[in-house]
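Residues per chain, in single letters:
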Amino acid sequence: GAVVSQHPSRVICKSGTSVKIECRSLDFQATTMFWYRQFPKQSLMLMATSNEGSKATYEQGVEKDKFLINHASLTLSTLTVASAHPEDSSFYICSAGKQVRAEAFFGQGTRLTVV
Amino acid sequence: EDQVTQSPEALRLQEGESSSLNCSYTVSGLRGLFWYRQDPGKGPEFLFTLYSAGEEKEKERLKATLTKKESFLHITAPKPEDSATYLCAVQGGGGSYIPTFGRGTSLIVHP
């Protein structure tokens, strides 16, 4: 398999502050990474596709200005939740694959709580 | 549009009681079908990739099979530690390489 590391695993922040989540592929280079959001007892909701060296592609309904994605290198993508509000509280997960058309490996997830 | 439907939504088994989880899909040109296991509060853990009808893969008590319309995840003599949500996803052969996920099957194995 392959290892994808996500940090932090849990974060609690005050409403109005920004939170950055990191996703790293530890033993392979990932041209593309995916960011998901998961609500309790529901499946994964794709938020955006992160492409190294270019702008992310966001899914319909996902606010680009609130969920800022940067894919600065082949092993690192970051998701910044800008001016977080309680409704942004959720479980965020990233994934990456060794090849575009192959299985993806997931990070451990980040539980964000905005108070 | 690719679609994935998993059934049942939830499954309760007694330890040792074998069963199967179903993943029905529609996709234009299947590139791969993936099975994942997800424990509460964690990211999905990759289990298997199946590429073509008739293919089978095994790992401990789990065996995944694939036909042209569906995939099964067979669990033989499950143990309580097999309790988790099992997710199925497909990757189509069209221009998009984004996998489509099902809603998952929540499995609980009672001792």
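Thresholds, definitions, all that
Position numbers for residues start from 1 in each chain and track the written sequence from start to end. Whichever chain is written first becomes A and whichever ligand is written first becomes 1, with later ones labelled in order. A pLDDT threshold of at least 70 governs which residues receive local features in this predicted model, and a stricter bar of 80 or more applies before side-chain atom pairs are shown or counted, although totals over entire chains, interfaces and linings include all residues. Side-chain metrics in this entry use all non-hydrogen atoms of the structure; hydrogen atoms and water are not considered. Here, the term nonpolar core denotes a set of buried Ala, Val, Leu, Ile, Met, Phe, Trp, Tyr and Cys residues that are joined through side-chain atoms within 4.5 Å. Buried means the residue's accessible area, taken with a 1.4 Å probe over protein chains only, is under 20% of the maximum for its type, while exposed means over 50%, and partly exposed covers the values in between. To qualify as a helix, a DSSP run of H or I must reach at least 4 residues; to qualify as a strand, a run of E must reach at least 2; elements of each kind are numbered from the N terminus. Strand pairing is assigned whenever DSSP identifies at least 2 bridges connecting the two strands. For helices, the fitted line uses only the C-alpha atoms of the stretch in contact; every axis is such a line through C-alpha atoms, and the angle between N-to-C directions lies from 0 to 180 degrees. By definition in these notes, contact holds between two residues if any of their heavy atoms fall within 4.5 Å. Basic side-chain nitrogens of Lys or Arg form a salt bridge, by our definition, when they fall within 4 Å of a carboxyl oxygen of Asp or Glu. We call two N or O atoms a polar contact when they sit within 3.5 Å, provided that within protein one can donate a hydrogen and the other can accept it, with sequence-adjacent residues counted only if both atoms are side-chain atoms. Just so you know the grouping, Ala, Val, Leu, Ile, Met, Phe, Trp, Tyr, Cys and Pro go in nonpolar, Asp, Glu, Lys and Arg go in charged, and all remaining residues, Gly too, go in polar.

**Notes on the nonpolar core**
(1) Moving on: Phe67 and Leu112 of chain A are the most contacted members of the largest nonpolar core, which totals 27 residues.
(2) Moving on: Broken down by secondary-structure element, the contributors of at least two residues to this core are strand E2 (10-13), strand E3 (19-25), strand E4 (32-38), strand E5 (44-51), strand E7 (67-73), strand E8 (76-81), strand E9 (90-97) and strand E11 (110-114) of chain A.
(3) Moving on: Val4, Leu33, Leu47 and Cys88 of chain B belong to the second largest nonpolar core, which has 22 residues in total.

**Some details on the sheet that holds strand E6 (residues 56-59) of chain B**
Adjacent strands of a sheet form backbone hydrogen bonds with each other and so pair up, either parallel or antiparallel.
All names here are of chain B.
(1) Moving on: The antiparallel open sheet is built from 5 strands, whose spatial order is E1-E3-E8-E7-E6. The strands lining the two open edges of the sheet, one partner per strand, are strand E1 (3-7) and E6. When strand polarity is set aside, the average angle formed by the axes of neighbouring strands in this sheet is 15°.
(2) Moving on: The sheet contact formed by E1 and strand E3 (residues 19-26) spans 5 bridges and is antiparallel. When the sheet's bridge partners are listed, serine 7 is paired in E3 with asparagine 22.

**A short note on the interface of chain B and chain A**
(1) Moving on: Taken together, the contact pairs 23 residues of chain B with 22 residues of chain A.
(2) Moving on: Applying the counting criterion to the chain B and chain A interface returns 0 salt bridges.
(3) Moving on: Across the chain B-chain A interface, the total number found is 5 residue pairs in polar contact (both at pLDDT 80 or more).
(4) Moving on: Secondary-structure elements contributing two or more residues to the side of chain B that touches chain A are strand E4 (30-38), strand E5 (45-50) and strand E9 (84-92) of chain B.
(5) Moving on: A per-class count over the side of chain B that touches chain A returns 10 nonpolar, 10 polar and 3 charged.

**Focus on the side chain of threonine 49 of chain B**
(1) Moving on: Structurally, the position occupied by threonine 49 of chain B is in strand E5.
(2) Moving on: Residue threonine 49 of chain B is classed as buried on the basis of its relative accessible area, which comes to 3%.
(3) Moving on: Only 2.8 Å separates the side chain of threonine 49 of chain B from the side chain of glutamate 103 of chain A, close enough to count as a polar contact.
(4) Moving on: If sequence neighbours within four positions are ignored, threonine 49 of chain B has contacts with Glu103 of chain A together with Leu33, Phe34, Glu55 and Lys57 of chain B.

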